[in-house]
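# Observations on the model geometry
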Amino acid sequence: MLVQLTYASRTAGIVGASDVKEILAASTRNNARVGVTGALCLCNGIFLQQLEGDKTEVNALYHRLLRDERHRDPAILDFCEITQRRFGSWSMGLLSTLEENRQLFQKYSSSRDFDPYAMSIPSLRAFFSEVVDNVRWLG
């Protein structure tokens, strides 16, 4: 069964550029090995990630993230069965709050600061749909 899981967590401390590169490299390597694809957003000290793949593999990955000391206050925001992958062409993409992306983050935010914990499921899904086609990715 192919599933999609969207979660958010707050960073535990300051996450620097070298931390982000390490997270992206490890995600790309590990996710490719188990067939998980997705996108990771980092904004205002909050990780927002959408994972897709086999239900067992996505579940195992999320449970590993729960043990990662860089994450605090994890919350599953959306979980559903899907018929096809949205991020099939990469094992992990990283979206950061570059100036070019700032309008996209603001478009789906109910407040001045981007807060995925406060987003509805339709807003989260629309955000990631727009992310696929209209942002500058890091990696």
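Residues numbered from 1 in each chain as written. Predicted model: local features only at pLDDT ≥ 70, side-chain atom pairs only at ≥ 80, totals over all residues. Heavy atoms only, no water.

Among the 9 residues that make up strand 3 (residues 46-54), 8 are buried, leaving the element largely enclosed by the rest of the structure. Here 7 bridges tie strand 2 (residues 37-43) to strand 3, and the two strands are oriented antiparallel to one another. Among the inter-strand pairings, Cys43 is bridged to a residue of strand 3, identified as Ile46. The hairpin formed by strand 2 and strand 3 contains 2 residues between the paired strands, and Asn44 there has a positive phi angle of roughly 55°. (Buried < 20%, exposed > 50% of the residue type's maximum accessible area, 1.4 Å probe, protein only. Helix = DSSP H or I, 4+ residues; strand = E, 2+ residues; numbered from the N terminus. Pairing = 2+ DSSP bridges.)

Bringing the nonpolar core into the picture now. If you look at the biggest cluster of nonpolar residues, it comprises 17 residues, and the most contacted ones within it are Cys41, Leu48, Phe105, Phe114, Met119, Phe127 and Phe128. Elements with a contribution of two residues or more to this core: strand 2, strand 3, helix 3 (102-107) and helix 4 (121-134). With 4 residues, helix 4 is the single largest residue contributor to this core. For Leu48, the residues in contact, after removing those within four places along its chain, are Thr6, Tyr7, Ala8, Ala39, Leu40, Cys41, Leu77, Phe114, Pro116, Leu124, Phe127 and Phe128. (Core = buried A, V, L, I, M, F, W, Y, C linked by side-chain atoms within 4.5 Å. Contact = heavy atoms within 4.5 Å.)

At Asn44, a residue that is not glycine, the phi angle is positive and equals roughly 55°. Relative to the elements of secondary structure, Asn44 occurs in the loop between strand 2 and strand 3. Positive phi outside glycine occurs at Asp73, with the angle close to 55°.

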